[in-house]
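The primary structure of each chain is shown beneath.
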Amino acid sequence: MRGEVLFSSVLSHFASAKVCCEKVPALCNEVVEGVAAAVTPTGSSIVLDGGREDTAEFTAGAAQLGRCEGGFPASPRTSRSAGVGRFTDATQSAAWSPFVSQERRTSVCADPMPDFFPGASLRSQVLAHSLRMTVKPLLGVWAQWPSPLWPAGVIDHAARIVPPLRGVAHRSVRLENCAAELIDAGNLGTETVVLYLHGGGFLTCGLNTHRRLVSRISASAGAAVLSVGYRMMPKHPIRDAIADGVDGYRWLLGQGFETGKIVIAGDSAGGYLTFMTALTLVDLDLPRPAGLVALSPLTDMDPAGKLAHPGAGQCPVFPRSVLTALTGLADQDAHRDATGKPCASPVDGILEGLPPVLIQVGSTEMLYPDAELMAERLAAAGVPITLEVWDRQVHVFQAAADLIPEANHAIAQIGNFIRTTTTARTHRSHLPVETVAL
């Protein structure tokens, strides 16, 4: 009964999304002062003061979150280093050729210094508290009964009513086994394109829930975006989602896009698919893309490292139980798969030869350890890696660009990365695109 009530509450929020998105900036200004005191985390030394914090306490907390000795850099912004050392213990596994076996996993700390973005705005802290009070309990209920009977598809369907971004062009694309959407936010004629794989735990979300985020990335990067509505659990194994990512890449090649102008990107579970798609392209001897972008990515299917991390309980979105439940579903999914092989983890892949990578993650996220470990493995493999750690930002905070300033800043960083990893744009006239108000 509790789960039904919470789920009904979420649906009612979706039903009012159109009005909320139009009014939320004004409403936020009206209520933020009244709720500021209420959202101060219990037992925490951090208070809502518009992003200011005690330097000594902040440095100590950041250091506690670090996996490698020294944790975060002491300075507000420290340039990353990449390619220090190489991951030489990578031997191919029978389960998936570009991966090492679980038994031979080696802890590597190449110490790629992160770009740390300090300070959390008042709005971002209000958002974190709101998610902690609403979404986190709902996910906790789901984790107790992770049944396929939960109507996960309702979320993407309900997101159709979310107000669109204006001036965005798109057209539907049909891949071999799934739907996709080609989005262009005022960049008609660009040669640069992003292959985007949405998040949602391999279970939910889709083209509708991520259209606003994808449109903003398109506008920031000056690139078209092919958003892939890949097949999901429980009807399809994760391996099918990876195959759909590869199909999307092949479709872009078939449209005449050059590999030096293609960037693969994704958030959360889509971050997992971003790396897995890139590794599969290597396995298939297909040309590599120009770059990879992963937002709050899942990179390690083993939850042990995340659950043991000192910051695991600080995540405002995910309770610990969600990781265990999702791992269990993935294991069941692997047993139903015709191959019977377990899901591989990108951190165990043979990463040498991958293109430059940008990873963005919040400092208190449950998936922060995955982002850091992946950055270490990439650096050890000699892959150019930029790891951006954003102070106290929620999981995939970039999707909240309507509400918080950090999201817009992060999307601008993504746009800069995409532009610098691809070549100059030239005119393309053979892609018919219908201009609509999304």
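The structure displayed is predicted, hence computed values, not measured ones.

(A) Structural view of the overall build of the protein. A count of helical and extended segments in the protein gives 13 helices and 10 strands. A buried classification covers 55% of the 438 residues belonging to the protein. Here the analysis covers contacts within the protein between residues at least 6 apart in sequence; of these, 83% occur between residues at least 24 apart. Counting only carbon and sulfur atoms, one obtains 57% of the accessible surface of the protein, whose full area is about 18100 Å².

(B) Here's a closer look at the pairing of strand S7 (residues 291-295). Within S7, 5 of the 5 residues are buried, which leaves the element mostly enclosed by the surrounding structure. Neither face of S7 is exposed, since Gly291, Val293 and Leu295 on one face and Leu292 and Ala294 on the opposite face are all buried. Note that strand S6 (residues 262-267) and S7 share 5 bridges and pair parallel. Among the inter-strand pairings, Ile264 is bridged to a residue of S7, identified as Leu292. Once the chain exits S6 it traverses helix H9 (residues 269-283) before rejoining the sheet at S7, and the crossover so formed is right-handed. Two strands pair when backbone bridges link them, and S7 and strand S8 (residues 357-362) are joined in this way by 4 bridges, in the parallel orientation. Counterpart to Val293 in the pairing with S8 is Leu358.

(C) Examining the environment of Ala381 more closely. By secondary structure assignment, the location of Ala381 is in the loop between helix H12 (368-380) and strand S9 (385-390). On a C-alpha basis, the gap between Ala381 and Glu352 in space is 5.0 Å, while along the polypeptide they are 29 residues apart.

(D) Spotlight on the packing of helix H7 (residues 211-221) against helix H13 (residues 405-421). Between H7 and H13, whose axes approach to 8 Å, the crossing angle comes to 50 degrees. When the interaxial angle is binned, H7 and H13 end up oblique. The two elements H7 and H13 meet at a crossing, and its hand is right-handed. Contacts between H7 and H13 involve Leu213, Arg216, Ile217, Ser220 and Ala221 on the former and, on the latter, Asn408, Ile411, Ala412, Ile414, Gly415, Ile418 and Arg419. A class-by-class count of the residues in the contact of H7 with H13 yields 7 nonpolar, 3 polar and 2 charged.

(E) Just the packing of aromatic side chains, in detail. Within this structure, the stated rule accounts for 3 aromatic pairs. Ring plane angle 85 degrees and centroid distance 5.3 Å describe the contact between Phe202 and Tyr272, whose orientation is recorded as edge-to-face. Here Phe202, found in the loop between strand S4 (193-197) and H7, pairs with Tyr272, found in helix H9; they are 70 residues apart in sequence, far enough to count as distant. Exposure remark for Phe202: the relative accessible area of 2% places this residue in the buried category. Assessed through its relative accessible area of 1%, Tyr272 is described here as buried.

(F) Quick look at unusual backbone geometry. In this chain, Met233 is followed by Pro234 through a cis amide linkage whose omega measures 0 degrees. With respect to the secondary-structure elements, Pro234 resides in the loop between strand S5 (224-229) and helix H8 (238-254). Backbone geometry at Phe202 places phi at a positive 65 degrees, although glycine is not the residue there. Its identity as a non-glycine residue notwithstanding, Arg392 has a phi of 55 degrees, on the positive side. When you line up the elements, Arg392 lands in the loop between S9 and H13. Residue classification places Arg392 among the buried positions, given a relative accessible area of 13%.

(G) Representation of the environment of Gly328. Its location among the elements puts Gly328 in helix H11 (residues 320-336). Given a relative accessible area of 26%, Gly328 falls into the partly exposed group. Separated by 182 residues in the primary sequence, Gly328 and Pro146 place their C-alpha atoms 9.1 Å from one another.

(H) Quick peek at the side chain of Gln360. Position of Gln360 relative to the elements: it lies in strand S8. Residue classification places Gln360 among the buried residues on the basis of a relative accessible area of 0%. From its side chain, Gln360 meets the backbone oxygen of Ala410 in a polar contact 3.1 Å long. Those residues within four positions of Gln360 in sequence are excluded, and the remaining contacts are Ala294, Leu295, Ser296, Pro297, Glu388, Trp390, Gln398, Ala410, Gln413 and Ile414.

(I) Seen up close, the pattern of salt bridges. Applying the stated rule across the entire model yields 9 salt bridges. Put simply, Asp240 and Arg231 hold a salt bridge, and the shortest N to O gap is 3.8 Å. What makes Arg231 buried here is its relative accessible area of 17%. Salt-bridge contacts for Arg377 lead to Asp348; the nearest nitrogen and oxygen are separated by 3.7 Å. Of this pair, Arg377 sits in helix H12 while Asp348 is found in the loop between H11 and S8, placing the two residues 29 residues apart along the sequence.

(J) Quick look at the environment of Gly167. Structurally, the position occupied by Gly167 is in the loop between helix H6 (153-158) and strand S2 (168-174). Leaving out residues up to four positions away in the same chain, Gly167 has contacts with Ala185 and Gly186.

(K) The arrangement of the packing of H8 against H9 in detail. The N-to-C vectors of H8 and H9 enclose an angle of 65 degrees; their axes lie 9 Å apart at closest approach. One element, H8, and the other, H9, form an angle in the roughly perpendicular class. Seen along the crossing, H8 lies across H9 with a hand that is right-handed. Contacts between H8 and H9 pair Ile238, Ala241, Ile242, Gly245, Val246 and Tyr249 from the former with Tyr272, Leu273, Met276, Thr277, Thr280 and Leu281 from the latter. Class assignment of the residues belonging to the contact of H8 with H9 gives a composition of 9 nonpolar, 3 polar and no charged.

Procedures and definitions
Residues numbered from 1 in each chain as written. Predicted model: local features only at pLDDT ≥ 70, side-chain atom pairs only at ≥ 80, totals over all residues. Heavy atoms only, no water. Helix = DSSP H or I, 4+ residues; strand = E, 2+ residues; numbered from the N terminus. Buried < 20%, exposed > 50% of the residue type's maximum accessible area, 1.4 Å probe, protein only. Contact = heavy atoms within 4.5 Å. Areas by Shrake-Rupley, 256 points an atom, 1.4 Å probe, with all protein chains shown as cover. Pairing = 2+ DSSP bridges. Right-handed = clockwise from strand over helix to strand, strands pointing away. Axes fitted to C-alpha atoms, helices over the stretch in contact; angles between N-to-C directions. Parallel < 35°, antiparallel > 145°, perpendicular 65-115°, else oblique. Left-handed = near helix turned anticlockwise from the far one by under 90°. Nonpolar A, V, L, I, M, F, W, Y, C, P; charged D, E, K, R; others polar. Phe/Tyr/Trp six-rings, centres within 6.5 Å; stacked < 30°, edge-to-face > 60°. Polar contact = N/O pair within 3.5 Å; in protein donor to acceptor, adjacent residues only side chain to side chain. Salt bridge = Lys/Arg side-chain N within 4 Å of Asp/Glu carboxyl O.

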